[in-house]
Amino acid sequence: MTKWTQCPENPLQIEQDLSNQHDQPVCRVGTGNPDGLAHAQLIAAAPELLSACKDLLVFVREYRERVMKGGITGQDLLRNDYELTVIANAAIAKAEGTA
């Protein structure tokens, strides 16, 4: 998954983490926008939010099918959903700027 981060020197600039190469700007949010920082945080978190949503949808779909067939209990859900909720909560915190 591509990782996007806010540039430490300019939090209104989003960069793509290219690991061994120089980071590349993805976009810049206008400084005149009072919601610019919130927009930048949301843009930086977009790849993780999309991935978490896709993973949660797969999990919910599979869980629903298993429940309808009588093959899963509430205990199974508690055991299997923890990692997905951690990933989703981290992506939400990043989008809200509380990560």
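That block above? That's the structure.
Overview of the structure. (Residues numbered from 1 in each chain as written. Predicted model: local features only at pLDDT ≥ 70, side-chain atom pairs only at ≥ 80, totals over all residues. Heavy atoms only, no water.)

1. What to know about the overall build of the chain
So, point 1. The helix and strand inventory of the chain stands at 3 helices and 3 strands.
So, point 2. Ordered by position from N to C terminus, the α and β elements of the chain give β-β-β-α-α-α.
So, point 3. Residue burial in the chain is summarised as follows: out of 99 residues, 24% are buried.
So, point 4. Contacts in the chain between residues far apart in sequence, at least 24 positions, make up 47% of those at least 6 positions apart.
So, point 5. Accessible area of the chain: about 7000 Å², with a carbon and sulfur share of 55%. (Helix = DSSP H or I, 4+ residues; strand = E, 2+ residues; numbered from the N terminus. Buried < 20%, exposed > 50% of the residue type's maximum accessible area, 1.4 Å probe, protein only. Contact = heavy atoms within 4.5 Å. Areas by Shrake-Rupley, 256 points an atom, 1.4 Å probe, with all protein chains shown as cover.)

2. Comments concerning the pairing of strand β2 (residues 13–16)
So, point 1. Bridge count for strand β1 (residues 4–6) against β2 is 3 bridges, and the pairing is antiparallel. Bridge pairing in β2 links Trp 4 to Gln 16.
So, point 2. Turn length for the β1-β2 hairpin, with the two strands adjacent in sequence and antiparallel, is 6 residues. (Pairing = 2+ DSSP bridges.)

3. Examining the pattern of salt bridges
So, point 1. Inspection of the entire model under this criterion finds 1 salt bridge.
So, point 2. Between Lys 94 and Glu 48 there is a salt bridge; the shortest N-O distance is 2.8 Å. One end of the pair, Lys 94, is in helix α3 (residues 82–96); the other, Glu 48, is in helix α1 (residues 36–68), and 46 residues separate them in sequence. Each member of the pair, Lys 94 together with Glu 48, is buried. (Salt bridge = Lys/Arg side-chain N within 4 Å of Asp/Glu carboxyl O.)

4. Looking at the environment of Gln 13
So, point 1. Position of Gln 13 among the secondary structure elements: in strand β2.
So, point 2. Put simply, Gln 13 and Ala 40 are 27 residues apart on the chain and 7.0 Å apart in space, counted from C-alpha to C-alpha.

5. A few points about the packing of α1 against α3
So, point 1. Contact geometry of α1 with α3 gives a least axis separation of 7 Å together with a crossing angle of 160°. In terms of axis orientation, α1 runs roughly antiparallel to α3. Crossing hand, α1 versus α3: left-handed. Note on element contacts: α3 touches α1 through Leu 84, Ile 87, Ala 88, Ala 91, Ile 92, Lys 94, Ala 95 and Glu 96, opposite Ala 38, Gln 41, Leu 42, Ala 44, Ala 45, Glu 48, Leu 49, Ala 52, Asp 55, Leu 56 and Phe 59. (Axes fitted to C-alpha atoms, helices over the stretch in contact; angles between N-to-C directions. Parallel < 35°, antiparallel > 145°, perpendicular 65-115°, else oblique. Left-handed = near helix turned anticlockwise from the far one by under 90°.)

6. Some points on the side chain of Gln 41
So, point 1. Of note, Gln 41 is situated in helix α1.
So, point 2. Overall, the relative accessible area of 14% leaves Gln 41 in the buried class.
So, point 3. What Gln 41 contacts, discounting residues up to four positions off in sequence, is Gln 6, Lys 94, Ala 95, Glu 96 and Gly 97.

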